[in-house]
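Here's the letter readout for the chains.
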Amino acid sequence: MQRVFTIPFMIDGALAANHTFTFKAPFDMTLIHVSLSNSSANAGTLDIGLSTDTDGWKDGATFGVSGACTELAAFSDFDGDTGLSQFPHCSDGDVIHVTIKDHASHMADPCVVLTFTEG
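Residues numbered from 1 in each chain as written. Predicted model: local features only at pLDDT ≥ 70, side-chain atom pairs only at ≥ 80, totals over all residues. Heavy atoms only, no water.

A. Molecular detail of the packing of aromatic side chains. In total, this model carries seven aromatic pairs according to the counting rule given. With centroids separated by 5.7 Å and ring planes inclined at 15°, the aromatic side chains of phenylalanine 5 and phenylalanine 116 adopt a geometry described as stacked. Within this pair, whereas phenylalanine 5 is found in strand E1 (residues 4-10), its partner phenylalanine 116 is found in strand E9 (residues 111-118), the two being separated by 111 residues in sequence. Its relative accessible area of 0% is what places phenylalanine 116 among the buried residues. Between phenylalanine 23 and phenylalanine 116 the ring centres are 6.4 Å apart and the planes differ by 85°, which places this aromatic pair in the edge-to-face class. (Phe/Tyr/Trp six-rings, centres within 6.5 Å; stacked < 30°, edge-to-face > 60°. Helix = DSSP H or I, 4+ residues; strand = E, 2+ residues; numbered from the N terminus. Buried < 20%, exposed > 50% of the residue type's maximum accessible area, 1.4 Å probe, protein only.)

B. Here's a closer look at the environment of phenylalanine 27. Position of phenylalanine 27 among the secondary structure elements: in the loop between strand E2 (19-24) and strand E3 (29-37). When the C-alpha positions of phenylalanine 27 and aspartate 94 are compared, they lie 8.7 Å apart, and in sequence the two are 67 residues distant. Discounting chain neighbours no more than four positions away, the residues touching phenylalanine 27 are Phe5, Cys90, Ser91, Asp92 and Glu118. (Contact = heavy atoms within 4.5 Å.)

C. Looking closely at the environment of lysine 24. Here lysine 24 shows up in strand E2. Under the relative-accessibility criterion, lysine 24 is labelled exposed at 58%. A sequence separation of 68 residues divides lysine 24 from aspartate 92, and the C-alpha atoms of the two residues are 7.8 Å apart. Excluding its chain neighbours within four sequence positions, the residues that come into contact with lysine 24 are Gly93, Asp94 and Val95.

D. Focus on unusual backbone geometry. Residues other than glycine seldom take positive phi values, yet serine 66 does so here, at roughly 50°. In this structure, serine 66 sits in the loop between strand E5 (53-62) and strand E6 (70-72). For aspartate 109, which is not glycine, the phi dihedral falls at a positive 50°. Mapping aspartate 109 onto the fold places it in the loop between strand E8 (95-101) and E9. Looking at aspartate 109, the relative accessible area reads 34%, which means it is partly exposed.

E. Structural view of the nonpolar core. By size, the foremost hydrophobic cluster in this structure holds 26 residues, and its most contacted members are Phe23, Val34, Leu46, Ile96, Val112 and Leu114. Looking at this core, the elements with two or more residues in it are E1, E3, strand E4 (45-50), E5, E8 and E9. Ranked by residue count, the leading element in this core is E3, at four residues. Excluding anything up to four places from it in sequence, isoleucine 96 contacts Phe21, Thr22, Phe23, Ala25, Met29, Gly49, Leu50, Trp57 and Cys90. (Core = buried A, V, L, I, M, F, W, Y, C linked by side-chain atoms within 4.5 Å.)

Quick look at the structure:
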């Protein structure tokens, strides 16, 4: 059985700029779900990909507003800038980029949760 695990990204308060988080994959893994929201009525966007293509997995997913969540959970949700429509896979040692792009009126308390399977 493949292990399932989550990686959360949260920023307290109102954003004044974009934020990029990077981490190195500890083993082969596949992204199967993303949940994203913020507490304001201002919807920023999210890019996810590898260091070689930072929006290759998802390009411009719109944040849920006022506490509502946007969910990415289908093959077609992960089209990125490549249009592949598949669950993104990375190898041990790949660097994953998660970029939270602020809204002109500034999002507040953005939260992104990535769900992966091992392998």
